[in-house]
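Structural overview for review
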Amino acid sequence: MAFCDEVVVVDSGSGDDTTAIAERLGARVLVRSFDGYRSQKAFAAAQASHDWILSLDADERISEDLRVAIERARDAGFAGASGYRFARLSWYFGKFLHHGNAYPDRGLRLFDRRRGGWQGQREVHEAASVDGPVLGLEGDVIHFPYRSLEQQLAKTQKYARMMAEHDHARGKRASLLKLVLSPAWRFWRGYVLRLGFLDGWQGLVYAYVRANYVRQKSIMLLMLERGQPLVDPPRE
């Protein structure tokens, strides 16, 4: 990203040419064993040479409109803000999703690390927070989250397990009623109330898969409460 003063890439042991490509393009590459999404991002922010942090995942890009908005805010000295929130636009099997639970999916990604950052204990579905005003910026983070349906299903199942384990550790209780109703509500809210049906068949598939994520998380929390394994136990 040429508009940034520095690019820091944190790699957790990828098996491709990520580190070589990043270094060739001028990034400062750090290697750190993965111990959670929040922890990786907090580490990256701490290693930067400047206090204003723009945090992106490997599958995200900055749109031209958002780049212009960020540069305008930077040139104004980030006046009146501790951080900025903007939308994320996801590419989903042939088209961008403009409705439903997929969009606008606003998140705090540009912030002054002296006033906050990737805090808290939750390592999945992590969210940055700051002390002070958070403003919005026009434009989107362009998101390319899934290479295939198989990858999406595996990824959402992993997230469901991590969230269930997090909730269980915090003492949250499972509910048979929520197990039945929560997935239905997630689908209804995204596909109908938030107009996900306007995204065609992709919107329907997305809504179903996200509803299934809620179902998996509820089932896993129920299993944990009853002392049942979520993964295969190690064999002797």
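Everything discussed here concerns the structure shown above.
An account of the accompanying structure is given in this report. Worth saying up front: this structure is predicted, and the values here are computed from it rather than measured. (Residues numbered from 1 in each chain as written. Predicted model: local features only at pLDDT ≥ 70, side-chain atom pairs only at ≥ 80, totals over all residues. Heavy atoms only, no water.)

Below, the discussion takes up the overall build of the protein. Scanning the protein from terminus to terminus reveals 6 helices and 10 strands. The globule rule puts the C-alpha radius of gyration for 236 residues at 18 Å, and the 19 Å found for the protein is close to it. Projected onto its principal axes, the C-alpha positions of the protein cover 55 × 50 × 35 Å. Counting every position in the protein, which comprises 236 residues, the buried fraction comes to 39%. The long-range share in the protein, meaning contacts at least 24 apart out of those at least 6 apart in sequence, stands at 70%. Entry remark: accessible area of the protein is about 13800 Å², with carbon and sulfur atoms responsible for 52%. One finds the centroid of the 34 positive side-chain charges in the protein at a distance of 7 Å from the centroid of its 29 negative side-chain charges. (Helix = DSSP H or I, 4+ residues; strand = E, 2+ residues; numbered from the N terminus. Rg over C-alpha atoms; globule rule 2.2 N^0.38 Å. Buried < 20%, exposed > 50% of the residue type's maximum accessible area, 1.4 Å probe, protein only. Contact = heavy atoms within 4.5 Å. Areas by Shrake-Rupley, 256 points an atom, 1.4 Å probe, with all protein chains shown as cover. Lys, Arg positive; Asp, Glu negative; His and termini not counted. Charge placed at Lys NZ, Arg CZ, Asp CG, Glu CD.)

Turning next to the pattern of salt bridges. Inspection of the entire model under this criterion finds 21 salt bridges. Note that Lys 155 is salt-bridged to Asp 59, the shortest N-O span being 3.9 Å. With Lys 155 in helix 4 (residues 149-169) and Asp 59 in the loop between strand 3 (52-54) and strand 4 (60-62), this residue pair connects regions lying 96 residues apart in the sequence. What makes Asp 59 buried here is its relative accessible area of 18%. (Salt bridge = Lys/Arg side-chain N within 4 Å of Asp/Glu carboxyl O.)

Moving on to the packing of aromatic side chains. Evaluation of the coordinates by the stated rule reveals 14 aromatic pairs. Consider the rings of Phe 78 and Tyr 84, whose centres lie 5.9 Å apart with planes at 55°: the pair is tilted. For the ring pair Trp 91 and Phe 96, a centre distance of 4.8 Å and an interplane angle of 70° mean the geometry is edge-to-face. In this structure Phe 96 comes out as partly exposed when scored by relative accessible area, which is 24%. Connected via pairs of aromatic rings, a cluster forms that spans Tyr 92, Phe 93, Tyr 146 and Tyr 206. (Phe/Tyr/Trp six-rings, centres within 6.5 Å; stacked < 30°, edge-to-face > 60°.)

Counting 14 residues, the largest nonpolar core has Ile 70, Tyr 84, Phe 86, Leu 110 and Leu 137 as the members making the most contacts within it. Counting only elements with at least two residues in this core, the list comes to helix 3 (64-75), strand 5 (83-91) and strand 10 (134-143). Looking at this core element by element, the count peaks at 4 residues for helix 3. With 12 residues, the next largest nonpolar core counts Ala 160, Met 163, Leu 221 and Leu 224 among its residues. (Core = buried A, V, L, I, M, F, W, Y, C linked by side-chain atoms within 4.5 Å.)

Time to look at helix 3. Relative to the 16 Å expected for 12 residues at 1.5 Å per residue, helix 3 spans 16 Å between its end C-alpha atoms, a close match to the ideal helical length. Within the span of helix 3, buried status applies to Leu 66, Ala 69, Ile 70, Glu 71 and Ala 73. Just downstream of helix 3 lies Gly 77, where phi reads positive at about 75°. (Expected span 1.5 Å × (residues − 1).)

Before going further, it helps to spend a moment on the layout of surface pockets. Estimates place the volume of the second largest pocket at around 200 Å³. Contributing to the lining of the second largest pocket are Asp 167, Lys 172, Arg 173, Ala 174, Ser 175, Lys 178, Ser 182, Val 214, Lys 217, Ser 218 and Leu 221. Elements that contribute at least two residues to the lining of the second largest pocket include exactly helix 5 (176-193) and helix 6 (200-225). If you tally residues by element for the lining of the second largest pocket, the top one is helix 6, at 4 residues. Tallied by class, residues from the lining of the second largest pocket come to 3 nonpolar, 3 polar and 5 charged. (1 Å grid on protein atoms, 1.4 Å probe; cavity = no way out; pocket = protein on both sides within 12 Å on 5 of 7 lines; lining within 4 Å. Points joined across faces, edges and corners; volume = space filled by probe spheres on them. Nonpolar A, V, L, I, M, F, W, Y, C, P; charged D, E, K, R; others polar.)

Attention shifts here to the pairing of strand 10. Here 3 bridges tie strand 4 to strand 10, and the two strands are oriented antiparallel to one another. Following the sheet pairing, Ile 62 is matched in strand 10 by Val 141. Pairing between strand 5 and strand 10: 7 bridges, direction parallel. Along strand 10, the bridge assignment pairs Ala 87 with Asp 140. (Pairing = 2+ DSSP bridges.)

Moving on, we get to the environment of Ala 164. With respect to the element layout, Ala 164 can be found in helix 4. Separated by 52 residues in the primary sequence, Ala 164 and Asp 112 have C-alpha atoms spaced 31 Å apart. Those residues in contact with Ala 164 that lie beyond four places of it in its chain are Lys 217, Met 220, Leu 221 and Leu 224.

Function-wise, these values are silent; they only describe arrangement.
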